[in-house]
Amino acid sequence: MELDSIVGFLENKSILVTGATGFVAKIFVEKILRIQPNVKKLFLLLRAGDTKSATQRLKNEVTGKELFRVLKEKWASNFNSFLSEKLTPVPGDISCHNLGVADSNLREEMWREVDIVVNVAATTNFDERYDVALGINTLGARHVLDFAKKCVKLKMLLHVSTAYVSGERGGLIQEHPFKMGETLNGTFGLDIEEEKRVMEERLSELQSEGATQEAITLAMKDLAMQRAKMHGWPNSYVFTKAMGEMALGHFKENLPLVIIRPTVISSTYKEPFPGWVEGIRTIDSLAVGYGKGKLTFFLGDPESVIDVIPVDMVVNSMIVAMAAHANQPCEVIYQVGSSLKNPLRYSDLQDYGFRYFSENPWINKDGKAVKVGKVTVMRTMASFHRYMAFRYLLLLKGLQIVNTAFCQYFRGMYTELNQKIKFVLRLIDLYKPYLFFKGVFDDMNTEKLRMVLKASGAQADLFYFDPKCIDWEDYFMNTHIRGVVKYVFK
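The following paragraphs examine the structure supplied in this document. This is a predicted model, so every value here is computed, not measured.

### Things to note about the overall build of the chain
Turning to step 1, where the next piece is worked out: Along the chain, the regular secondary structure elements total 18 helices and 13 strands.
Turning to step 2, where the next piece is worked out: Radius of gyration (C-alpha) of the chain: 24 Å, near the 23 Å computed for a compact globule of 490 residues.
Turning to step 3, where the next piece is worked out: Projected onto its principal axes, the C-alpha coordinates of the chain cover approximately 75 × 55 × 45 Å.
Turning to step 4, where the next piece is worked out: When burial is assessed residue by residue, the chain has 54% of its 490 residues classed as buried.
Turning to step 5, where the next piece is worked out: Summarising the internal contacts of the chain: among those between residues at least 6 apart in sequence, 83% fall at separations of at least 24.
Turning to step 6, where the next piece is worked out: Summing over all exposed atoms, the chain offers an accessible surface of approximately 22,000 Å²; the carbon and sulfur share of this is 53%.

This is the structure in structure tokens:
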């Protein structure tokens, strides 16, 4: 594996990016445009009905964001014309054949021109409907592969997955590809076509029964969890992403394939500026809840390692891998994380959160500073269930008895509390595997890629992705939490 100039490699290249409105895709697009203005074209696939709505989404959800501030300052009055020349919004949907691209002229142009396909499209919802998760994360990956095979100049397909396709496995988790039909619990019979049939059959059954949309959604979410757990995965997100990897590996033929498996992705470390983040991501939901005074307890092992990696490091690894593996028939897995080289513990996160919000309290809508305190830590599921029973379930039982005695007078209050408790218990069930996670992600392949980058000279500063350089205390106290407060807190 050798590496010439990465910036030079990108010159005059046409790249198809799916899931273009997503967090990682935006950082990727911005970086490419900033470091190589002579890239030929970025075709950006967006879920939209037509070109007009795709163009509007691109402006509102991608290039109009503060993320593009540095690029806007660089190009000044030429910013919009530069974007018009380099970016082509493509209305479509990866869950459909030919990526749902209806415009035959645009399709033909992409098949003629595209050098690299980067698949970042995904639904990352742990509690997604099975038809949606399977359609995007599994069947969508296959549709991207089929589309890529029609691109006559194609040099490689880069697919962004997740390190957590490993499920709840502990110990050192290696960068191994999945074989078609492989499961995490040793059961036999995992078959993507069968999963599709089961999903379609259940959906058809619900529709023929005249079920409400709400009932269909709940049933399809339950089916997703049932199918995932049947084969050893904790939720539909990682299950369908694992099947997506299987499909790519099995059907790729001689196509160069790189799979990037990032861990928990956080705000930008350095570029285009520190601390940019979007949406409430996994660890940020804790920061938001705690900073606003709504999170009073934490469930999990404080000494467990949480594997966090800044988004710009993920994007840099993607770009380096593209340049390193173009035109080389392969299937390479890169796990991009920090747990092996620079572990961060939940107890560290709690400490940083307490110190940050003590020094910089959130001002609520009444204009009052929210005072935070040390959270109660529950180290086991048993202690959590005892807490819930004492704090809420006894109250719920009492309310049920009073409600009966008063002829259902308190029915609304009882129903609301019951729904909230069910919601919390479902959330805990979804996140439990990660709160007590004991795995460490091996990054031997990723380390080799870093070594090749280092040997190539000055490029290492431009495409940094070594987690050892991160001072977690400085990053969380001065960059990440500050970014979450600025861009995520409402």
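### Points about unusual backbone geometry
Turning to step 1, where the next piece is worked out: Going from Glu-271 to Pro-272, the amide bond is cis rather than trans, its omega being -5°.
Turning to step 2, where the next piece is worked out: Non-glycine residue Asn-327 carries a positive phi angle of around 65°.
Turning to step 3, where the next piece is worked out: Within the secondary structure layout, Asn-327 lies in the loop between α12 (311-325) and β11 (331-336).
Turning to step 4, where the next piece is worked out: Residue Asn-327 is classed as exposed on the basis of its relative accessible area of 52%.

### With respect to helix α10 (residues 236-251)
Turning to step 1, where the next piece is worked out: Between its first and last C-alpha atoms α10 spans 22 Å; for 16 residues at 1.5 Å apiece the expected length is 22 Å, and the two agree.
Turning to step 2, where the next piece is worked out: A large share of α10 lies buried, amounting to 13 of its 16 residues.
Turning to step 3, where the next piece is worked out: Where α10 begins, the side chain of Asn-235 points an oxygen toward the backbone nitrogen of Tyr-237, at a separation of 3.1 Å.

### Focus: the sheet that holds strand β4 (residues 116-119)
Turning to step 1, where the next piece is worked out: Strand order in the open sheet formed by seven strands is β3-β2-β1-β4-β5-β7-β11, and the pairing between neighbours is parallel. Pairing within the sheet leaves two strands with one partner each, and these edge strands are β3 (87-92) and β11. Averaged over all adjacent pairs, the angle separating strand axes in this sheet is 20°, with direction ignored.
Turning to step 2, where the next piece is worked out: One ladder, built from six bridges, connects strand β7 (residues 257-262) with β11; its direction is parallel.

### Focus on the state of the cysteines
Turning to step 1, where the next piece is worked out: Counted by the stated rule, this structure contains zero disulfides.
Turning to step 2, where the next piece is worked out: Cysteine Cys-96 shares no disulfide, and the gap to the nearest cysteine sulfur, in Cys-151, comes to 17 Å.

### A word on the pattern of salt bridges
Turning to step 1, where the next piece is worked out: Per the stated rule, a full pass over the model turns up 31 salt bridges.
Turning to step 2, where the next piece is worked out: Between Arg-355 and Glu-473 there is a salt bridge whose closest N-O contact spans 2.5 Å. Here the residue Arg-355 occupies a position in helix α13 (residues 346-359), and Glu-473 occupies one in helix α18 (residues 472-487), the gap between them amounting to 118 residues.
Turning to step 3, where the next piece is worked out: When its relative accessible area of 26% is taken as the criterion, Arg-355 is described as partly exposed.
Turning to step 4, where the next piece is worked out: Put simply, Asp-443 and Arg-450 hold a salt bridge, and the shortest N to O gap is 2.7 Å.
Turning to step 5, where the next piece is worked out: On the accessibility criterion, Asp-443 (3% relative accessible area) is buried.

### Section: helix α5 (residues 79-86)
Every α-helix winds through 3.6 residues per turn, so residues three or four apart in the chain are directed the same way.
Turning to step 1, where the next piece is worked out: Those residues of α5 lying buried are Phe-79, Phe-82, Leu-83 and Lys-86. The buried side chains of α5 occupy one side of the element, clustering within an arc of 95° when seen end-on. Of the residues in α5, the exposed ones pointing more than 90 degrees away from the buried face are Asn-80 and Ser-84.

Calculation rules
Residues numbered from 1 in each chain as written. Predicted model: local features only at pLDDT ≥ 70, side-chain atom pairs only at ≥ 80, totals over all residues. Heavy atoms only, no water. Helix = DSSP H or I, 4+ residues; strand = E, 2+ residues; numbered from the N terminus. Rg over C-alpha atoms; globule rule 2.2 N^0.38 Å. Buried < 20%, exposed > 50% of the residue type's maximum accessible area, 1.4 Å probe, protein only. Contact = heavy atoms within 4.5 Å. Areas by Shrake-Rupley, 256 points an atom, 1.4 Å probe, with all protein chains shown as cover. Expected span 1.5 Å × (residues − 1). Polar contact = N/O pair within 3.5 Å; in protein donor to acceptor, adjacent residues only side chain to side chain. Pairing = 2+ DSSP bridges. Axes fitted to C-alpha atoms, helices over the stretch in contact; angles between N-to-C directions. Disulfide = S-S within 2.5 Å. Salt bridge = Lys/Arg side-chain N within 4 Å of Asp/Glu carboxyl O. Arc of directions from axis to C-beta.

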